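# Breakdown of the fold
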Amino acid sequence: MKNIKRFRILVMGRANAGKTTILQRVCNSTDKPEIFDGEGNKVYSYERGDHDIKHELVFKSNPGFVFHDSCGFEAGSTRQFDQMRTFVLDHATTEKVNDRVHAIWFCIPMTDYHRTVTAAEKNFFNECDTGHVPVIVLLTKVDALYLTAVEELLDEGLTIVEAKERAAERQGKLLEKWLAHVKGQLEKCKYPPKGYVMLQEMHQERADCTVLMQSTAKVMNEESLQMLLISTQQSSVQLCIEYAVRR
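Reference entry: report on the structure contained in this document. (Residues numbered from 1 in each chain as written. Predicted model: local features only at pLDDT ≥ 70, side-chain atom pairs only at ≥ 80, totals over all residues. Heavy atoms only, no water.)

There is a patch of nonpolar side chains on the surface, built from Leu154, Ile160 and Val161 and spanning about 240 Å² of accessible area. Using a relative accessible area of 53% as the deciding quantity, one classes Val161 as exposed. (Patch = residues over 30% accessible without salt bridge, like charges linked within 9 Å, V, L, I, M, F, W, Y side chains within 5 Å. Areas by Shrake-Rupley, 256 points an atom, 1.4 Å probe, with all protein chains shown as cover. Salt bridge = Lys/Arg side-chain N within 4 Å of Asp/Glu carboxyl O. Buried < 20%, exposed > 50% of the residue type's maximum accessible area, 1.4 Å probe, protein only.)

The next point concerns the packing of aromatic side chains. Taken as a whole and assessed by the stated rule, the structure comprises eight aromatic pairs. Taking the centre distance of 5.2 Å and the plane angle of 45° together, the rings of Phe106 and Phe125 count as tilted. One end of the pair, Phe106, is in strand E5 (residues 103–109); the other, Phe125, is in helix H3 (residues 119–127), and 19 residues separate them in sequence. Looking at Phe106, the relative accessible area reads 1%, which means it is buried. Look at Phe125 and you get buried, because its relative accessible area is 0%. Plain terms: the ring middles of Tyr113 and Trp178 are 5.4 Å apart, the flat faces sit at 55° to each other, and that makes the pair tilted. Here the residue Tyr113 occupies a position in the loop between E5 and H3, and Trp178 occupies one in helix H5 (residues 160–186), the gap between them amounting to 65 residues. By relative accessible area, Tyr113 is classed as partly exposed at 25%. Among the aromatic residues, those joined into a ring-pair cluster are Phe7, Phe59, Phe65, Phe67 and Trp105. (Phe/Tyr/Trp six-rings, centres within 6.5 Å; stacked < 30°, edge-to-face > 60°. Helix = DSSP H or I, 4+ residues; strand = E, 2+ residues; numbered from the N terminus.)

So, in structure tokens, the structure goes:
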């Protein structure tokens, strides 16, 4: 494991799930990533939804992370699903240690809370054995539930002022409800995720990604990979200290 130079993550999920924004927050950047092929050659400037899952997305602010984007496969897209599954299997078992994927982030946006687990999600978790590569489900754009909370409270007869005062509490309950729903659906699958993370306020440049880093490190099955992730992340100095003390 000492030969592994960069931490490699596959980011998955439907289109408009906030994947790019999360990667920017993780790498403390507002810039778009540079894209390289497997040989280290720069391919082209980044445009959402217009790239190959094999291409590497790297941010200048933190080149220690290498990301791959599934480009948002949807139910019924057999070609995209097959390409993704082939990529996962190849990069989970390759003998080239620096080409291996170390973790998978599967994004489910709460803007679509009424369809959190579709056929596409079920297909992945039932048919794609990622082996030793852990999959973490990220509930993204959970801030969208605030408006839903306000609307529910208004429907119950509260004034707009009263609804706004109680919206945060109702939002929390809605999030708990939909997280339980997602877990209930995915835990029935053949290859369920190893963890779940709820991400809020990722649209803010100083959003905190510490919980995401902690949760990812927690499900890594090798200490050396945990340390590689912790040393690469820039979200929390305290996290680096905690893992250093554990060693």
